[in-house]
Amino acid sequence: GLAVLWSRRIGRITSAAQSISEGDLSARVEAAGNDEVAALARAVNRMRSHLAGQLATIDRQRRVLGSLLGQLQEGVVVAGADGRIVWINPAAVRMLGLFAGADTGGQNYEGRPVEQCVTQHALQRMLLPGTRASEGTQEVQLEAETAKGTVSVLARVSDVALPDTGEGEGGTGAGRLLVLTDITDLVRTMRVKTDFVVNASHELRTPLSAIRAAVETLARTDFTRDPASAARFVDIIDRHSRRLEAMVADLLDLSRV
C-alpha cells in the first residue's frame, strides 16, 4: 500500500521533471501533504516557475534587442571567428541587396558563411577572420545594387568579443562588427556641390576675361584719337561688371539658403 502510493507519487514527479528538462514548462506536480515527497514536488514546481520566469525574461530581452536592431537606420552585420554570420539586421539586408523586396530580419542568413551573404569583396575581407581590423581597412566606401537602385554605403568594422561561442576558457570568441551607413544623399549632395563649383567658376571666368581684355585694350588706346573705341570698351567693362555683381548676389543668396 504505502510503498505503492509513494512509488506512484515519485513516478509523477520524475515524469514532470523529465518534461521540464525537455522544455515543457507546463508540467506541474500535485504537492499536497507535508511529507518528503510533497516537499520534493513543491521544489520541482518552484524550479519550473523559476525556469519559466528566466525564459520569459530572456525571450523579452531577445525581442527588445531584435526590435531595436530592426529599427536601426544603419546596417549591422556581426560575423563570428568561424566566418559565419551571427547577426544581420533588415537595414543591412536592404543595403547589401541580399533579399530584394522583403524584410527577413536576418533569419535566412544567420549561421551561413559570410561569402554566401556578402558579395562585396571589400566587405568580405573586413568580416572574415585572418586579418585584424586594427591592421586592415577599418573604413571603406562602396556602391551596392539594391532593389531600389544603386546606393552609396560607408562601411566601418571593429573587433568584438562574442559570448557563448564555446571558444576559449571564458566561452567567448573574437568576432567582427560591421556597421553600414547609407550615404547616398550625402554623396549626391557632394557631387552637386562639385558640379556647381565647376560651373560657377566657368561662369565667373567668362566676364572676368572680358573685363581684363577690355582693360588691356583701353590701356593701349589713345582716347583723343579713338574716343568711340574707348567708349565701347568702357561699356563692355560696365556690362560684365554688372553680370559679375549679379552672379555674386546669387551666390550670396544661395549660401544663405
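You'll find the structure just up there.
Keep in mind the model is a prediction, meaning the values are calculated, not measured.

> Please set out the overall build of the chain residue by residue, giving values where relevant.
Along its length, the chain carries 7 helices and 5 strands. The buried share of the chain, taken over its 257 residues, is 30%. Here the contacts in the chain between residues at least 6 apart in sequence split such that 49% fall between residues at least 24 apart. For the chain, the accessible area works out to roughly 16,700 Å², and carbon and sulfur atoms hold 55% of it.

> Tell me what's going on with the environment of Ala231, and back it up with residues and numbers.
Relative to the helices and strands, Ala231 resides in helix H7 (residues 227–256). Residue Ala231 is classed as partly exposed on the basis of its relative accessible area of 49%. In this structure the C-alpha to C-alpha distance between Ala231 and Leu218, which are 13 residues apart in sequence, comes to 9.4 Å.

> Give me the lowdown on the pairing of strand S4 (residues 149–163), citing residues and values where you can.
Working note: regular strand, side chains alternate between the two faces of the sheet. Pairing of strand S3 (residues 139–146) with S4 involves 8 bridges; the strand directions are antiparallel. If you follow Glu145 over to S4, its bridge partner there is Thr150. Counting the residues in the hairpin turn of S3 and S4 gives 2 residues.

Reading guide: rules and limits
- Residues numbered from 1 in each chain as written.
- Predicted model: local features only at pLDDT ≥ 70, side-chain atom pairs only at ≥ 80, totals over all residues.
- Heavy atoms only, no water.
- Helix = DSSP H or I, 4+ residues; strand = E, 2+ residues; numbered from the N terminus.
- Buried < 20%, exposed > 50% of the residue type's maximum accessible area, 1.4 Å probe, protein only.
- Contact = heavy atoms within 4.5 Å.
- Areas by Shrake-Rupley, 256 points an atom, 1.4 Å probe, with all protein chains shown as cover.
- Pairing = 2+ DSSP bridges.

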